[in-house]
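Observations on the three-dimensional arrangement
Below, each chain spelled out in residue letters.
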Amino acid sequence: MSDNYFEEDEFEGAVDRSVLLRTAKLSLNHWPLLVTFLVSTVIVAIIENYQTFLSKRIIDEGIVARDMDALWSIAWQYFGMTVLLAIFVAGFILSGALLSHWTQYDLRKAMFGKLQDLSFTYFDRTPLGWLMSRMTSDVTRVGELVSWGFLDITWGITGITTAVVFMFIINWQLALIVVTIIPVLIVVAIQFQKLIIGEYRVVRRTNSKITGSYSESINGVRVVKSLRREEKNLEEFQDLTTEMFNAGFRAAWLSALFLPTVQMLTALGVAAVVWYGGFQYNEGWITIGTIQAFISYITFMLWPVQEMARVFASMQQAVASAERIFSLIDEEPDIVNRPNSQKVDNIRGTIVFDHVDFRYEADKPVLNDFSLTVEPGETIALVGPTGAGKSTVVNLLCRFYEPVSGQIRINGTDYQDLTLDSIHSRIGMVLQTPHLFSGTVMENIRYGRLDAQDEEVVSAARMAGAHDFITLLDDGYSTEVGEGGVLLSVGQKQLLSLARAILAQPDIFIMDEATSSVDTLTESLIQQAMDHVMEGRTSFVIAHRLSTIKRADRIIVLKDGQIDEIGSHAELIRQKGHYYNLYTKQFQKEAAGAIPDLLA
Ligand SMILES: Nc1ncnc2c1ncn2[C@@H]1O[C@H](COP(=O)(O)OP(=O)(O)O)[C@@H](O)[C@H]1O
Ligand SMILES: [Mg+2]
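1. Points about the site of ligand 1
- Taken together, the neighbourhood of ligand 1 is formed by 13 residues, with Gly387, Gly389, Lys390, Ser391 and Thr392 sitting nearest.
- Contact distances for ligand 1 include 2.8 Å between an oxygen atom and a backbone N or O atom of Lys390.
- Ser391 places a polar side-chain atom, nitrogen or oxygen, 2.7 Å from an oxygen atom of ligand 1.
- In the complex, 65% of the free accessible area of ligand 1, which totals 560 Å², lies under the protein chains.
- It is helix 10 (residues 390–397) that contributes the most residues to the shell around ligand 1, 3 residues altogether.
- Of the residues contributing to the shell around ligand 1, the split by class is 5 nonpolar, 5 polar and 3 charged.

This is how it looks when you write it as structure tokens:
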């Protein structure tokens, strides 16, 4: 992964053919659509050119020859062709749109599935915004290339080829003149489109910089003022807007010049045809209809050339989008089931951290030689300053990350020999920031165990102390929550996630600062529920507040990734060490009624 891997819009390089090929293959999954699409497109191109040929015959055999019968019969043919054309145009638009949507659907599904499988380490190093753009703009771009882009190319190539074939059938000398113009037309058109797209790229890039500096100045308005940076900021801002304006202006000029230029080239072709055709007509070698048909063919070719130029010029960008999408789809999760891993039925045995070392980033050790044996049913409280590694211990236990060295054993087996799913299904977690999905209260709790009956959901909610507030909501358990739903307080959300964890009936229960941002009333509700849940279960509690910690069987004071002190509340108090100091400080504050964080 290069340094500027996450940079957008840097597509100066050539189109990567293997990626282009793989992109093209995406449409093969829907080959009936693809075939309909391509066949309709080819037929449309042929009919369009055949109609030009028919209009030549109308002029020569009908009008010039003053033969009304011939005129009528060819005109009827022309009309029939128009009907066919309408049918096939509808065919390619419909199949093209479907192809585009299916491709986008496939890509999003593949990415979404991959995101579910990828390990935490991937999300640690991948910005969320980067992932979002993969799912949105990149997918749209690739979907459009696979449908409309390929359509324009197929239509363009077939259109130009059949036009050339018809021209050679009608008159090869004139056809030769036109054929020399085509490459010039194509090269000029592509160059123009490249320049235009380049300018728009500058516009986009400066625009996002401007947006960035807007929000920076707005957010930091006080700092800006106090440091007297207004002048400097304004200067930078003006430079950016000037740059954007200039690029936009150049793009507008190029666009304005593009059409006249290709039209001029076409006009040159028409002039050559009229000049040489006129000479041939004078000699009696060709008909008026032939000259008319050639003029039509030349002007017709203008459109496919333009469209193809647009596609080729923007292809770089679409292929770069495809490349990033593929890089995500091809990503291998860091944590996977080992071959021959066993399912674990329950985690009711001992849990052993055996000389575990862990770090998120090289050179920044988080846990050093961490060893701990937890007996079934024990409640362990983890205490220590922010950054001490408390969450890391439970992250490792859940196998969101794996030890760098050492072992974690569940029921006596190295947990890397157990399947991930079976471990996760036996662990219930309540975290500091509760997460609700869009859906009803009932659905959100049921997420803990999908086959739970309504009564079980309600009883879990009762146990969590959530039932009372739920019944007060407008629609009770059917109330919509999450995005676009009713606004719940953090404490209420926390009670719902607690109910969800209770419903799952896990063997191990983890609470990571679940009470740190709730009011005291909710805290006492959670406290009661916790007592209930922890009954007979192995539990890990990370909390700032003393009242929660005191109940644990053993308290672990973490310091610099190692166990500083370990023991029950009473034992640690007797030791008069680190914990004792924290406790006495806390005790004084709690007595004063402040109930602040124990170790903040
Ligand atoms: N995803 C991560 N990537 C890199 N470093 C991390 C990550 N999560 C935590 N850390 C670092 O690891 C150390 C321990 O963090 P953590 O276990 O969250 O501490 P605690 O929960 O005790 O506050 C901290 O220095 C923190 O900055
Ligand atoms: Mg933490």
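So that's the structure; there's more coming.
2. Quick look at the packing of aromatic side chains
- Overall, the coordinates contain 21 aromatic pairs when judged by the stated rule.
- Note on Phe245 and Phe249: the rings are 6.0 Å apart at their centroids and 15° apart in plane angle, and the pair reads as stacked. With Phe245 and Phe249 both in helix 8 (residues 230–282) and 4 residues apart, the pair spans about one turn of that helix.
- Since its relative accessible area comes to 56%, Phe245 is described here as exposed.
- Looking at Phe249, the relative accessible area reads 46%, which means it is partly exposed.
- Each residue in the set Phe120, Phe358, Tyr360, Phe400 and Tyr401 is aromatic and connected to the rest through ring pairs, giving one cluster.
- Directly above the aromatic system of Phe326 lies the positively charged group of Arg22, at a separation of 3.9 Å from the ring centroid.

3. Regarding the domain arrangement of the protein chain
- Taken domain by domain, the protein chain comprises domain 1 (17–171 + 320–334), domain 2 (172–285) and domain 3 (347–426 + 539–593).
- One C-alpha centre belongs to domain 1, the other to domain 2; they are set 25 Å apart.
- Opposite the 6 residues of domain 1 that make contact, domain 2 presents 9 residues.
- Carbon and sulfur atoms make up 72% of the area that domain 1 and domain 2 hide from each other, which totals about 620 Å².
- When residues of domain 1 are sorted by the area they lose upon contact with domain 2, Met167, Phe168 and Asn171 head the list and together hold 78% of the total.

4. Details of the pairing of strand 4 (residues 405–410)
- Pairing of strand 1 (residues 351–359) with strand 4 involves 5 bridges; the strand directions are antiparallel. Bridge pairing in strand 4 links Phe353 to Ile408.
- In terms of strand pairing, strand 4 meets strand 5 (residues 413–414) through 2 bridges, oriented antiparallel. When the bridges of strand 5 are listed, Ile410 appears paired with Thr413.

Conventions adopted
- Residues numbered from 1 in each chain as written.
- Chains lettered and ligands numbered in written order.
- Predicted model: local features only at pLDDT ≥ 70, side-chain atom pairs only at ≥ 80, totals over all residues.
- Heavy atoms only, no water.
- Near = heavy atom within 4 Å.
- Polar contact = N/O pair within 3.5 Å; in protein donor to acceptor, adjacent residues only side chain to side chain.
- Areas by Shrake-Rupley, 256 points an atom, 1.4 Å probe, with all protein chains shown as cover.
- Helix = DSSP H or I, 4+ residues; strand = E, 2+ residues; numbered from the N terminus.
- Nonpolar A, V, L, I, M, F, W, Y, C, P; charged D, E, K, R; others polar.
- Phe/Tyr/Trp six-rings, centres within 6.5 Å; stacked < 30°, edge-to-face > 60°.
- Buried < 20%, exposed > 50% of the residue type's maximum accessible area, 1.4 Å probe, protein only.
- Lys NZ or Arg CZ within 6 Å of the ring centre and 35° of its normal.
- Domains from an automatic or database assignment.
- Contact = heavy atoms within 4.5 Å.
- Buried area = accessible area lost by both parts, 1.4 Å probe.
- Pairing = 2+ DSSP bridges.

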